[in-house]
Amino acid sequence: MLLLALACAGLVQAQTMYRWVDQDGKVHYGDRPPQSGKAADVQERKYSAPTADRQTPATLRQAAESYPVTLYVAANCTTACADGRNFLNKRGIPFSEKTLSSNEEIAALREKLGGGETVVPVLQVGEKTSRGYLESAWAGLLDAAGYPKAKAAGGSAGR
């Protein structure tokens, strides 16, 4: 019965299963909690279908864990930031996006980059960065970090 319950759990998005012991010591499994107030040791367990993270190829998952990607943009950055974002999405790179909206945030990024002019977009791959959008420079950073060159089937990019 447990194997059947586990097999069915994979077919639905998220399934809650219950395990309990009745007053005679018999173990029960079901998709509903016990009706009787005499059940002991009631345990609720959630089972879910595989997520996109589990379907992501190992090379992409390993690169993302070792060298996370952050895209820094500004509200007034239109074409270059959109081009950079599209490049990351086309390549299937999971990334977080941070919009610089105050002078303090810009100053903090400038300090993080070691000074100089802050030109957005800024791509950070692990500890390495590239200022401004230049596809070949961005591709070089991603390649060096071990990211796949083509978008992975079933993978998803995010912000």
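On a predicted model such as this, the values are computed, not experimentally measured, just so you know.

Below, the discussion takes up the nonpolar core. Counting 20 residues, the largest nonpolar core has Val69, Leu88, Leu123, Val125, Leu142 and Tyr147 as its most contacted members. Every element with two or more residues in this core is listed here: α3 (58-66), β4 (69-74), α4 (79-91), β6 (122-125) and α6 (135-144). Setting aside chain neighbours within four positions, we find valine 69 in contact with Leu88, Ile93, Pro94, Phe95, Ser96, Leu123, Gln124, Val125, Leu142 and Tyr147.

All right, on to the pattern of salt bridges then. This structure, assessed with the given rule, holds three salt bridges. Its salt-bridge partner being aspartate 143, residue lysine 149 comes within 3.1 Å of it at the nearest N-O pair. By relative accessible area, lysine 149 is classed as exposed at 64%. In this structure aspartate 143 comes out as partly exposed when scored by relative accessible area, which is 32%.

Let's shift gears to the state of the cysteines. Tallying each qualifying case throughout the model produces one disulfide. Across the disulfide, cysteine 77 is cross-linked to cysteine 81 (sulfur-sulfur distance 1.9 Å). Every disulfide takes its handedness from the sign of the S-S torsion; for cysteine 77 and cysteine 81 that torsion is 110°, giving right-handed. As far as the burial class goes, cysteine 77 and cysteine 81 line up, both buried.

This paragraph deals with α6. Residues Trp138, Ala139, Leu141 and Leu142 constitute the buried set of α6. An end-on view of α6 places all buried positions within 160° of arc, on one side of the element. Within α6, the exposed residues directed more than 90 degrees away from the buried face are Ser136 and Ala144. Phi turns positive, to about 95°, at glycine 146, one or two residues after α6.

Moving on to the environment of alanine 137. The residue alanine 137 is located in helix α6 in this model. The partly exposed category is assigned to alanine 137, whose relative accessible area is 28%.

Of note, the bond from valine 120 into proline 121 is cis; its omega dihedral lies within 30 degrees of zero at 5°. Residue position: proline 121 is located in the loop between α5 (103-112) and β6.

Below, the discussion takes up the sheet that holds β6. On the basis of which strands lie adjacent, the open sheet formed by four strands has the order β5-β4-β6-β7 and mixed pairing. Lying at the two open borders of the sheet, with one neighbouring strand each, are β5 (95-100) and β7 (128-131). Going from strand to strand, the sheet's axes swing by 20° on average, the running direction of each strand aside. Bridging between β6 and β7 involves four bridges; their strand directions are antiparallel. Paired with valine 125 across the bridge in β7 is lysine 128. Contacts from α4 reach β4, β5 and β6 within the one sheet, and its direction differs from that of β4 by about 160°. Running over the sheet, α6 touches β4, β6 and β7 and is turned about 170° from β7.

Reading the values: rules and limits
Residues numbered from 1 in each chain as written. Predicted model: local features only at pLDDT ≥ 70, side-chain atom pairs only at ≥ 80, totals over all residues. Heavy atoms only, no water. Core = buried A, V, L, I, M, F, W, Y, C linked by side-chain atoms within 4.5 Å. Buried < 20%, exposed > 50% of the residue type's maximum accessible area, 1.4 Å probe, protein only. Helix = DSSP H or I, 4+ residues; strand = E, 2+ residues; numbered from the N terminus. Contact = heavy atoms within 4.5 Å. Salt bridge = Lys/Arg side-chain N within 4 Å of Asp/Glu carboxyl O. Disulfide = S-S within 2.5 Å. Arc of directions from axis to C-beta. Pairing = 2+ DSSP bridges. Axes fitted to C-alpha atoms, helices over the stretch in contact; angles between N-to-C directions.

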